[in-house]
Amino acid sequence: MKMTRRIALDPYVIDVLMRDLVGHDHTPSAFLVYLWLWARTDGGQRRFAASLAGIALETGLSKSSVQNAVRQLTRRRKLISVSRDGPTMPPIYEVLTPWVRG
């Protein structure tokens, strides 16, 4: 049995981002992937390595849906960045919060 933990969620994610991704862009999978990455990175405080298949398994989405969501979040929305430490290593994700000016 997995333990449940609490995560802090910026109100912007629910108040604005959910409506933009699900309603306007018609990409609920992008919202789910963003939430999943938010939880794994403690709201963008650290980076997290995960394969597309791993994200698909954890979110209940298909691998192609995750791939499309990652594309939407990186290219169009610029809400995550993706890098690799090597060609055989899983992608490393960083959650971006462009609405927060620091």
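Preceding this section is the structure that the text describes.
Here we summarise the structure given alongside this text. What you see is a predicted model; the values in this text were computed from it and never measured.

## Considerations on the overall build of the protein chain
At step 1: Counting its regular elements, the protein chain contains four helices and three strands.
At step 2: Across the protein chain, helices and strands are ordered from the amino to the carboxyl terminus as α-α-β-α-α-β-β.
At step 3: Computed over the C-alpha atoms, the radius of gyration of the protein chain is 13 Å, within 12% of the 13 Å expected from 2.2 N^0.38 for a compact globule of 102 residues.
At step 4: When its C-alpha atoms are laid out on the principal axes, the protein chain stretches across 35 × 35 × 30 Å.
At step 5: Looking at the 102 residues of the protein chain, the share that counts as buried comes to 32%.
At step 6: Contacts spanning at least 24 positions in sequence make up 53% of the contacts within the protein chain whose residues lie at least 6 apart.
At step 7: Only carbon and sulfur atoms are counted for the fraction: they give 55% of the accessible area of the protein chain, which is about 6,600 Å².
At step 8: Here the protein chain contributes 15 positive and 8 negative side-chain charges, whose respective centroids are spaced 5 Å apart.

## Examining the sheet that holds strand β2 (residues 80-83)
At step 1: Read from one edge of the open sheet, three strands run β1-β3-β2, paired in antiparallel fashion. Of all strands in the sheet, those bounded by a partner on one side alone are β1 (48-49) and β2.
At step 2: Bridging between β2 and strand β3 (residues 92-95) involves four bridges; their strand directions are antiparallel. What sits directly across from Ile80, in β3, is Val95.
At step 3: In the packing of helix α2 (residues 28-40) onto the sheet, the strands contacted are β1, β2 and β3, and the crossing angle to β3 comes to about 95°.

## Some thoughts on unusual backbone geometry
At step 1: In this model, His26 sits at a positive phi of 55°, which is unusual for a non-glycine residue.
At step 2: Relative to the helices and strands, His26 is located in the loop between α1 (11-24) and α2.
At step 3: Overall, the relative accessible area of 64% leaves His26 in the exposed class.
At step 4: Even without being a glycine, Asp42 presents a positive backbone phi close to 55°.
At step 5: Within the secondary structure layout, Asp42 lies in the loop between α2 and β1.

## Notes on α1
At step 1: With 14 residues, α1 should reach 20 Å at 1.5 Å per residue; the first-to-last C-alpha distance of 18 Å fits that figure.
At step 2: Where α1 bends most, the angle comes to about 45°, and this point is Leu17.
At step 3: Along α1, the residues classified as buried are Val13, Leu17 and Leu21.
At step 4: If you follow the buried residues of α1, they end up packed against α2 and α4 (63-76).

Each value, and the rule that gives it
- Residues numbered from 1 in each chain as written.
- Predicted model: local features only at pLDDT ≥ 70, side-chain atom pairs only at ≥ 80, totals over all residues.
- Heavy atoms only, no water.
- Helix = DSSP H or I, 4+ residues; strand = E, 2+ residues; numbered from the N terminus.
- Rg over C-alpha atoms; globule rule 2.2 N^0.38 Å.
- Buried < 20%, exposed > 50% of the residue type's maximum accessible area, 1.4 Å probe, protein only.
- Contact = heavy atoms within 4.5 Å.
- Areas by Shrake-Rupley, 256 points an atom, 1.4 Å probe, with all protein chains shown as cover.
- Lys, Arg positive; Asp, Glu negative; His and termini not counted.
- Charge placed at Lys NZ, Arg CZ, Asp CG, Glu CD.
- Pairing = 2+ DSSP bridges.
- Axes fitted to C-alpha atoms, helices over the stretch in contact; angles between N-to-C directions.
- Expected span 1.5 Å × (residues − 1).
- Bend = angle between axes of the 7 residues up to and from the residue.

Taken by themselves, the reported measurements are silent on function.
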